[in-house]
Amino acid sequence: MSGERLAKALAHLAGDAAARGITTSSESACEACVVLIGVSGAQLTLMNGTGRGESRYSTNEIGTQLENLRFTLGEGPCEDAVRSGVPVLVEELDSWENRQRWPLFVPAASAAGARAAFAFPLRSGAIRIGALVLHRTSPGPLTPDQVYDAHIVADIILSLLLDELTRRHLDSEVPPADGVSLSRAEVHQATGMLSVQMGVSMDEALVRLRAHAFAHDQSVVDVSRDIIGRRLRLSPDGRSDLR
Amino acid sequence: MTMENLAETFVELADTLVADFDPVEFMHLLTDRCVTTLEVDAAGILLVDHHGELQVVGASTDRARLLELFELQHHQGPCMECYLTSAPVTVASFTEPPQRWPQFSSVARDAGFGALHALPMRLREQTIGALNLFSIAEGALSERTLRVAQAMADVATIGLLQAQVISRRELLAVQLQNALQSRVLIEQAKGVLAERLQLDMSRAFETMRRYSRSHNLYLSKVAEGVIAGEVDLTALAAREAADPPARRSPS
């Protein structure tokens, strides 16, 4: 296992989008990960303002039904993953244990044709914006390699979604996701500081941080260091205050 | 290092291997115990994430953490070497030439350290990270101390894997991911606290850690509370500013 895995996943997602004549997006990545990871289908659930979550994309009819069940019943692997922030891997949905855990969801999901479901939160610390949910029409676990790939794809989709949100604050195009800036301690610290400075949520703070970096043609890590060093403050209306 | 002290340490580590296991908490306990048991001055733990990148998961002081971060940024140094080769690496002196990693040595010297031992965290053929022991004095640790240190690294590795058996048979990949997510949460909370109380990052971390100990709460829970605005550390930080706690290690 190495950085090659990330490179391989990024190449697969970009190649798949190019073959379909579109640019890489959270939806195209969701579509492409089905083959990359080796499952029957996938869906993206995003949290919206009401906290109930909404369907963003689904690669097949089963995915759509699983998401509808989650929304109406308020239970299931995806609901648990979003609530707890940790992955929920269910290799055999229709077991005694799982019927106790999700008494309404399991029979309905089985009737829809899903036999296994694997939900990965789209998460960076306190930032939780939804989940990537994979399903299979036959039971069985994911291999450790498949779990690594699913984590990588979930991280890439989180980056893509943040890019899509960042664009709303910019006139210019956002550079493609590198997937690296999300794993740096300075970026997390600066995001925490910004959330207090601007009086916004952690998600919004990270989006504003990235927007500022892109608009000023700086790296996200460099802007983070300026914030931590108290050389830069961002005000609630998005103006910067250089010291 | 007394026999009694040693036994106590292992009992304490084993005690944490229960259902309500928190990997980050465990890593912090382990680094603290390395300092008290092995007579080193600081300790840190690096774990590999699902991108194949090493991440700092636990450290007995922010100073050790900074060094490890520095090493990660430059993708070279003793801890990285230890992880890549799955073998212990000793730097008995950061001053005596030749220095194999001159940049790292110079930063380590500036931080007040004289020597470093890095031990692999290994499970069968898989290496999941490294345990790093920093000393202020130059010189290598004794064979005996190193054997105990390796035992502690092994306990840490088993602890992480044991947790997956106890908690719903999660895969190592999931377990590591959760540890790293707790770490992200703590970094974000440090930022919130640094801005809210106008502290530097080290002080923000120490304040959270002190609160977590005195209230018997996991650090990641305290971090969540700080971010949600449910934990108020103003009074604690003010007390500490007036009467800073004594430190075990260089600062």
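One can find the structure itself at the top, above this paragraph.
For clarity, every value in this text was computed on a predicted model and none was experimentally measured. (Residues numbered from 1 in each chain as written. Chains lettered and ligands numbered in written order. Predicted model: local features only at pLDDT ≥ 70, side-chain atom pairs only at ≥ 80, totals over all residues. Heavy atoms only, no water.)

Novice: Tell me what's going on with the pairing of strand β1 (residues 42–48) of chain B, and back it up with residues and numbers.
Specialist: Residue and element names in this part refer to chain B. Buried residues dominate β1, accounting for seven of its seven residues. Alternating positions in β1 separate into two faces, Ala 42, Gly 44, Leu 46 and Val 48 on one and Ala 43, Ile 45 and Leu 47 on the other, with burial throughout. Examined bridge by bridge, β1 and strand β5 (residues 126–135) share six bridges and lie antiparallel to one another. Within β5, the residue paired with Gly 44 across the bridge is Asn 132. (Buried < 20%, exposed > 50% of the residue type's maximum accessible area, 1.4 Å probe, protein only. Helix = DSSP H or I, 4+ residues; strand = E, 2+ residues; numbered from the N terminus. Pairing = 2+ DSSP bridges.)

Novice: Please give an account of the interface of chain A and chain B that cites residues and values.
Specialist: Contact residues are listed per partner, giving 37 residues for chain A and 34 residues for chain B. Overall, the association of chain A and chain B removes approximately 2,900 Å² of surface from exposure, summing both partners, and the carbon and sulfur fraction of that is 58%. Among the residues chain A hides against chain B, the three largest losses belong to Tyr 148, Gln 189 and Arg 230 of chain A. Together they make up 18% of the total. On the surface where chain A and chain B come into contact, there are two salt bridges. A salt bridge links Arg 233 of chain A to Glu 195 of chain B, with the shortest nitrogen-to-oxygen separation between them at 2.9 Å. Taken together, the connections running from chain A to chain B amount to ten residue pairs in polar contact (both at pLDDT 80 or more). With nine residues, the top contributor of residues to the side of chain A that touches chain B is helix α8 (residues 185–198) of chain A. Per-class residue counts for the side of chain A that touches chain B are 17 nonpolar, eleven polar and nine charged. (Contact = heavy atoms within 4.5 Å. Buried area = accessible area lost by both parts, 1.4 Å probe. Salt bridge = Lys/Arg side-chain N within 4 Å of Asp/Glu carboxyl O. Polar contact = N/O pair within 3.5 Å; in protein donor to acceptor, adjacent residues only side chain to side chain. Nonpolar A, V, L, I, M, F, W, Y, C, P; charged D, E, K, R; others polar.)

Novice: Could you give an account of the sheet that holds strand β3 (residues 88–90) of chain A, with specific residues and numbers?
Specialist: Residues and elements named next belong to chain A. Pairing is antiparallel across the open sheet formed by five strands, whose spatial order is β2-β1-β5-β4-β3. Either end of the sheet is taken by a strand with one partner, and the two such strands are β2 (54–58) and β3. Recorded for the sheet is a direction-independent mean angle of 20° between the axes of neighbouring strands. Judged from the four bridges that link them, strand β1 (residues 41–46) and β2 form a sheet pairing that is antiparallel. When the sheet's bridge partners are listed, Thr 45 is paired in β2 with Ser 55. (Axes fitted to C-alpha atoms, helices over the stretch in contact; angles between N-to-C directions.)

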